[in-house]
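Residue-level structural notes
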Amino acid sequence: SQTIHQWPATLVQPVGSPLSLECTVEGTSNPNLYWYRQAAGRGLQLLFYSVGIGQISSEVPQNLSASRPQDRQFILSSKKLLLSDSGFYLCAWSGGGTDTQYFGPGTRLTVL
Amino acid sequence: AQSVTQLGSHVSVSEGALVLLRCNYSSSVPPYLFWYVQYPNQGLQLLLKYTSAATLVKGINGFEAEFKKSETSFHLTKPSAHMSDAAEYFCAVRAPDTGRRALTFGSGTRLQVQP
């Protein structure tokens, strides 16, 4: 069966510091991968999605970036965090005909 | 373009009462529709999905939803609420065959279950 992992689970970072969040998927090959952000009291905002290694589509212009160095690894990064980057970051994968998305456990990021 | 509207950011029901969470969609093509549930500080879990087969879809935990094209709705129901159903619920839409693989989510409905 397929599983999706995210780490770290929680992170507290100062403003201006770098960020690296990692997402890995097991049990499937060539998945579509997604990064979402969920701010407090708000819905899910799609940040990036990837249909293959090195292929990244950005949905929202911001100081975040994403990379996909391996088939089942998706990384969210920032060079300098802003207060507004605080939130709950969710990674998801999909595959097959309907592209149903399955979510990881999330990373709670607090920028102080 | 596709969008989802969830009516009611908060819904409160008594334990044992009917749960009805509303979702209306807008899509230029027949959509795929999804309901997800999120417990505090956890990821989203798929409850059920509609992918152009049967219009009444049964999911996990006793939930079901009915696709009504004429009303552009996909409301989520459960006959009898349980305390463990307290969570946030998200409706999502995807327009197939448009090249856009990502889902568009509603803003969510927080369900409270009173004893």
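Quick summary incoming for the structure in this document. (Residues numbered from 1 in each chain as written. Chains lettered and ligands numbered in written order. Predicted model: local features only at pLDDT ≥ 70, side-chain atom pairs only at ≥ 80, totals over all residues. Heavy atoms only, no water.)

**Overview of the sheet that holds strand S8 (residues 73-78) of chain A**
Residues and elements named next belong to chain A. Taken in spatial order, the four strands of this open sheet run S1-S3-S8-S7, and their pairing is antiparallel. Pairing within the sheet leaves two strands with one partner each, and these edge strands are strand S1 (3-7) and strand S7 (64-70). Each neighbouring strand pair of the sheet contributes to a mean axis angle of 20°, computed without reference to strand direction. The sheet contact formed by S1 and strand S3 (residues 19-26) spans five bridges and is antiparallel. For His5, the partnering residue across the bridge sits in S3 and is Thr24. (Pairing = 2+ DSSP bridges. Helix = DSSP H or I, 4+ residues; strand = E, 2+ residues; numbered from the N terminus. Axes fitted to C-alpha atoms, helices over the stretch in contact; angles between N-to-C directions.)

**Observations regarding the pairing of strand S9 (residues 87-95) of chain A**
Residue and element names in this part refer to chain A. Summarising burial for S9: eight of the nine residues are buried, a large majority. Across seven bridges, strand S4 (residues 32-38) lies against S9 in antiparallel orientation. Counterpart to Trp35 in the pairing with S9 is Cys91. By the bridge criterion, three bridges tie S9 to strand S11 (residues 107-111) in an arrangement that is antiparallel. The residue of S11 that forms the bridge with Phe88 is Arg108. (Buried < 20%, exposed > 50% of the residue type's maximum accessible area, 1.4 Å probe, protein only.)

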